[in-house]
Amino acid sequence: MILDGAATAKELRQQLAETIQKQGLAPGLAVVLVGDDPASQVYVRNKARAAEEVGIASRTHRLPAATSQEDLLALVTSLNNDAAVHGILVQLPLPRHIDEQAVVAAIDPSKDVDGFHPVNVGKLSLGLPGFVPCTPQGCMILLKQALPDPSGKRALVLGRSNIVGKPMAALLLQAHCTVTVAHSRTQDVAEECARADILVSAIGKPAFVKGAWIKEGAVVIDVGINRVAMTDAEGKTRLVGDVDFEKAALRARAITPVPGGVGPMTIACLLKNTVESAKAHRVRRDGI
Ligand code: GUN
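Numbers given for residues are sequential positions, taken from 1 along each chain in its written order. Local features in this predicted model are restricted to residues whose pLDDT is 70 or higher, and side-chain atom pairs enter the listing and the counts only when it is 80 or higher, whereas totals over whole chains, interfaces and linings include all residues. Heavy atoms throughout the structure, all of them, feed into the side-chain values; hydrogens and water do not.

**Student:** Tell me what's going on with the site of the ligand, and back it up with residues and numbers.
**Tutor:** In the vicinity of the ligand, the contacting residues are K47, L89, V90, Q91, L92, D114 and F116. Within the side chain of Q91, an N or O atom sits 3.3 Å from a nitrogen atom of the ligand. In protein, a polar contact means a hydrogen-donor-capable atom and an acceptor-capable atom, both N or O and within 3.5 Å, with residues adjacent in sequence counting only if both atoms are side-chain atoms; elsewhere, any N or O pair within 3.5 Å suffices. Taking D114, its side chain carries an N or O atom lying 2.6 Å from a nitrogen atom of the ligand. Note on areas: Shrake-Rupley with a 1.4 Å probe; residue coverage comes only from the protein chains shown. In the complex, the protein chains occlude 82% of the 280 Å² of accessible area that the ligand would expose alone. Here a residue is considered near a molecule or strand provided that any single heavy atom belonging to it is located within 4 Å of it.

Encoded structure:
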């Protein structure tokens, strides 16, 4: 079973467009990009386009790499105070001279559609309602297509980043899995994989996870988006995941492809968080 993230994301976007129309919402998303990291530019463009397509007004603030932390914080404050903005996304990574944590902490938690603010991180850890980071949220949707009730399963998360690995582990724990987090200091990753009924890889190493490591019948969610040179074409590149897809697919019960797996789900969940935020702000303002 190939878990089709592109199709699932499309469905989710259609539902969101319907909700916006039916409920007469006017959601607004502000995207902030500092500097000219090429991958970030692509992500930001895709996020803005997807937002517009479902009926979310999106504004992208492109700031030069030399922007001071003070100026960036001032922009965040003005977005916090802008009633037309329901979601604020500061694209990471930020240039080295800016303290990422200080910027994330400055975002109003009720507009933190990335779910990166310490308040939302804490809520997720406590199992309280709050914004859930988009990539792990998208992974859970795809996982549940293959395994509607993951309760009691052994889940392995590869990678311990704040953006994916840690929140992913929290969500799997909330879904009653027995959760292991493996990382660069883990002694025997292959051995950990062999026990995993659910494997979520978010390490950013092309084809690191070998087919032979996969437990027969496991569900494999591949978060990696790695650009590699094509073997047969000069200068051309293609995207591959963290998992050796062809070989892993022979053992897995279900697996996400790259591209067309987790990637489109991340953006769809960002839009979902923004629509939820617009609803919540309206309730707070008008009581409806
Ligand atoms: N950089 C890589 N992934 C993300 C993401 O989901 N949100 C933000 N803001 N930056 C990122």
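**Student:** Outline the packing of helix α6 (residues 134–146) against helix α10 (residues 262–286), listing residues and values.
**Tutor:** Packing of α6 against α10 leaves a shortest axis separation of 8 Å and a crossing angle of 110 degrees. The angle between the axes of α6 and α10 places the two elements in the roughly perpendicular class. When the axes of α6 and α10 are compared, the crossing they make is right-handed. Of the residues in α10, those touching α6 at C134, T135, Q137, G138, C139, I141 and L142 are V262, M265, T266, C269, L270, K272 and N273. For the contact of α6 with α10, the residue count by class is 8 nonpolar, 5 polar and 1 charged. Here an angle of 0 to 180 degrees is reported between the N-to-C directions of two axes, which are lines fitted to C-alpha atoms, with helices fitted over the stretch in contact. Here a strand is any run of E in DSSP of at least two residues, a helix any run of H or I of at least four, and the numbering for each starts at the N terminus. Angular relationships are summarised with four words: roughly parallel below 35 degrees, roughly antiparallel beyond 145, roughly perpendicular across 65 to 115, and oblique for the angles in between. Crossings are assigned a handedness: left-handed for a near helix turned anticlockwise from the far helix by less than a right angle, right-handed for a clockwise turn. Note on contacts: a residue pair is in contact if any heavy atoms of the two residues lie within 4.5 Å. Throughout, the ten residues Ala, Val, Leu, Ile, Met, Phe, Trp, Tyr, Cys and Pro are labelled nonpolar, Asp, Glu, Lys and Arg are labelled charged, and all others, Gly among them, are labelled polar.

**Student:** How would you explain the pattern of salt bridges if you had to name every residue and give the values?
**Tutor:** A carboxyl oxygen of Asp or Glu within 4 Å of a side-chain nitrogen of Lys or Arg is what we treat as a salt bridge. In this structure the tally under the stated criterion is 7 salt bridges. Between E276 and K279 there is a salt bridge, and its shortest N-O distance comes to 3.7 Å. Remark: K279 and E276 occur in helix α10; sequence separation between them is 3 residues, near one turn of the helix. Here D286 makes a salt bridge to R285, at a shortest N to O gap of 3.0 Å.

**Student:** Kindly report on the side chain of D222, identifying the contributing residues and their values.
**Tutor:** Note that D222 resides in strand β7 (residues 219–222). In terms of polar contacts, D222 uses its side chain to reach the backbone amide nitrogen of G224, at 3.1 Å. If sequence neighbours within four positions are ignored, D222 has contacts with S201, G241, D242, V243, T256, V258 and V262.

**Student:** Account for the sheet that holds strand β2 (residues 57–63), with residues named and values stated.
**Tutor:** Working definition: the strands of a sheet are paired by backbone hydrogen bonds and lie parallel or antiparallel to each other. Note on pairing: DSSP must find at least two bridges between two strands before they are called paired. A sheet is described by the order of its strands in space; here 3 strands give the open sequence β2-β1-β3, paired in parallel fashion. The sheet is open, and its two edges are formed by β2 and β3 (87–90), each paired on a single side. Direction aside, neighbouring strands of the sheet carry axes that sit 15 degrees apart on average. Pairing analysis gives 4 bridges linking strand β1 (residues 28–34) to β3, with the strands arranged parallel. The residue of β3 that forms the bridge with L29 is G87. Packing against the sheet, helix α3 (residues 69–80) makes contact with β1, β2 and β3, and its axis sits at approximately 180 degrees to β1.

**Student:** Outline unusual backbone geometry, supporting the account with residue identities and numerical values.
**Tutor:** Between L92 and P93 the backbone carries a cis peptide bond, its omega angle lying at 0 degrees. Counting through the fold element by element, P93 comes out in the loop between β3 and α4 (100–106). With an omega of 0 degrees, the peptide bond between V258 and P259 qualifies as cis. Structurally, the position occupied by P259 is in the loop between β10 (254–255) and α10.

**Student:** Tell me about the environment of A30, and please be specific about residues and values.
**Tutor:** Relative to the helices and strands, A30 resides in strand β1. Counting along the chain gives 56 residues from A30 to H86, while the straight-line C-alpha distance between them is 8.0 Å.

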